[in-house]
Amino acid sequence: MLESHEALEFLKIRKSVPLTQLMAPGPSEAQLSDLLEIAARVPDHGRMEPWRFILYRGSAVIKAGEALAEIALKKNGQLSDEELEREHNRINRAPVAVGVVSNVVDDSNIPEWEQFLSAGAAAMNLVTATTAMGFGANWVTGWYSSDAEGRKVLGLAPHERMAGIVHIGSYDRAIPDRPRPDVKALTSEYTGPYQAS
Ligand SMILES: Cc1cc2nc3c(=O)[nH]c(=O)nc-3n(C[C@H](O)[C@H](O)[C@H](O)COP(=O)(O)O)c2cc1C
């Protein structure tokens, strides 16, 4: 039987680390490779593998920021220095960022919706595994994910969507938790099919 009480205790308290708290060092190559293996270990109806990963790090991240700033400037007409700086650093928030790209296989009988969900599962596995490894993770999309030019700059094909970019780094302070859902209020007991009276 595959059972881990330690994993359960960990999952009860797992939380993201704010982007502003992420710093070097990031995971080693071996650690990153483990993280991606775990990210890919997700339910995937029909074994479509409807996702892929893009690593954003090093000088390429600076170039991505410049290109995103250009698009943002074009869209907004003008940006303050602070806003421009934010665009330049959009992807440059942590030692490494992993793009989890939803890559739906069109000519399959697996619903598109289910293929999107599998990409979300991969992103969540990556967040969970990263946290379990002792790093901080934060899953963001940002305006560029809803923008065709932004997606292109980040290396996505026209039919692909960004399930999210998971930023990964170390952190050096306790992270306060956020309010958590009232799960009881979100849960109901099914009482049988609706009967018209
Ligand atoms: C698909 C998706 C996209 C997100 N995009 C953003 C984003 O662009 N900006 C942001 O501040 N948070 C975004 N978030 C939320 C962050 O991941 C947030 O830190 C997270 O909800 C914290 O929850 P946790 O502590 O349970 O991990 C996104 C979450 C999801 C699931």
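Predicted, not measured: the structure shown is a model, and the values here were computed from it.

Thresholds applied
- Residues numbered from 1 in each chain as written.
- Predicted model: local features only at pLDDT ≥ 70, side-chain atom pairs only at ≥ 80, totals over all residues.
- Heavy atoms only, no water.
- Helix = DSSP H or I, 4+ residues; strand = E, 2+ residues; numbered from the N terminus.
- Buried < 20%, exposed > 50% of the residue type's maximum accessible area, 1.4 Å probe, protein only.
- Contact = heavy atoms within 4.5 Å.
- Areas by Shrake-Rupley, 256 points an atom, 1.4 Å probe, with all protein chains shown as cover.
- Lys, Arg positive; Asp, Glu negative; His and termini not counted.
- Charge placed at Lys NZ, Arg CZ, Asp CG, Glu CD.
- Core = buried A, V, L, I, M, F, W, Y, C linked by side-chain atoms within 4.5 Å.
- Near = heavy atom within 4 Å.
- Polar contact = N/O pair within 3.5 Å; in protein donor to acceptor, adjacent residues only side chain to side chain.
- Nonpolar A, V, L, I, M, F, W, Y, C, P; charged D, E, K, R; others polar.
- UniProt positions renumbered as here; feature names shortened; annotations may be inferred.
- Pairing = 2+ DSSP bridges.

> Mind showing me how you'd approach the overall build of the chain here?
Counting its secondary structure elements, the chain contains six helices and four strands. Each helix (α) and strand (β) of the chain, taken in turn from the N terminus, gives the series α-α-β-α-α-β-α-β-α-β. Residues classed as buried in the chain amount to 37% of the 197 residues present. Summarising the internal contacts of the chain: among those between residues at least 6 apart in sequence, 79% fall at separations of at least 24. Within the structure as shown, the chain displays about 12,600 Å² of accessible surface, and the carbon and sulfur contribution to it stands at 53%. In the chain, which carries 20 positive and 26 negative side-chain charges, the distance between the mean positions of the two groups comes to 2 Å.

> Explain the side chain of threonine 130 to me, please; I cannot follow it from the model alone.
Looking at where threonine 130 falls in the secondary structure, it is placed in helix H5 (residues 112-132). The contact partners of threonine 130, leaving out residues within four places of it in the chain, are Leu35, Phe135, Gly136, Ala137 and Ile168.

> So what exactly am I meant to see when it comes to the nonpolar core here?
Where a protein is soluble and globular, its nonpolar side chains tend to be buried together. Val98, Val100, Leu126, Val166 and Ile168 are the most contacted members of the largest nonpolar core, which totals 20 residues. The element best represented in this core is H5, accounting for six residues. If sequence neighbours within four positions are ignored, leucine 126 has contacts with Leu35, Leu36, Ala39, Val98, Val100, Val166 and Ile168.

> Mind showing me how you'd approach the site of the ligand here?
In the vicinity of the ligand, the contacting residues are Arg14, Lys15, Ser16, Asn138, Trp139, Val140, Thr141, Gly142, Ala163, Arg178 and Arg180. In this structure, an oxygen atom belonging to the ligand sits 2.7 Å away from a side-chain N or O atom of arginine 180. When isolated, the ligand has an accessible area of 640 Å², and the protein chains bury 56% of it. Partitioned by chemical class, the residues of the shell around the ligand number three nonpolar, four polar and four charged.

> Which parts of the structure should I look at to understand the UniProt feature "binding site: FMN" (unreviewed entry) in the chain?
On the UniProt side, "binding site: FMN" (unreviewed entry) is annotated at positions that read Arg14, Lys15, Ser16, Arg41, His45, Trp139, Val140 and Thr141 here. A maximum C-alpha distance of 27.6 Å among these annotated residues, which run over 128 residues, shows that they spread across the structure rather than meeting at one spot. Note that serine 16 resides in the loop between helix H1 (5-13) and helix H2 (29-39). When residues no more than four places from it in sequence are discounted, the contact partners of serine 16 are Ala137, Asn138 and Ile175. Among the secondary structure elements, threonine 141 is positioned in the loop between strand E3 (136-140) and helix H6 (148-153).

> I'm lost on the pairing of strand E4 (residues 161-169) in this one. Help?
With eight of nine residues buried, E4 lies mostly within the body of the structure. Relative to E4, strand E2 (residues 96-102) is paired through seven bridges, and the arrangement is antiparallel. Within the sheet, the bridge partner assigned to valine 101 lies in E4 and is methionine 162. With five bridges connecting them, E3 and E4 associate as antiparallel partners. Looking at E4, one finds that alanine 137 is bridged to isoleucine 168.

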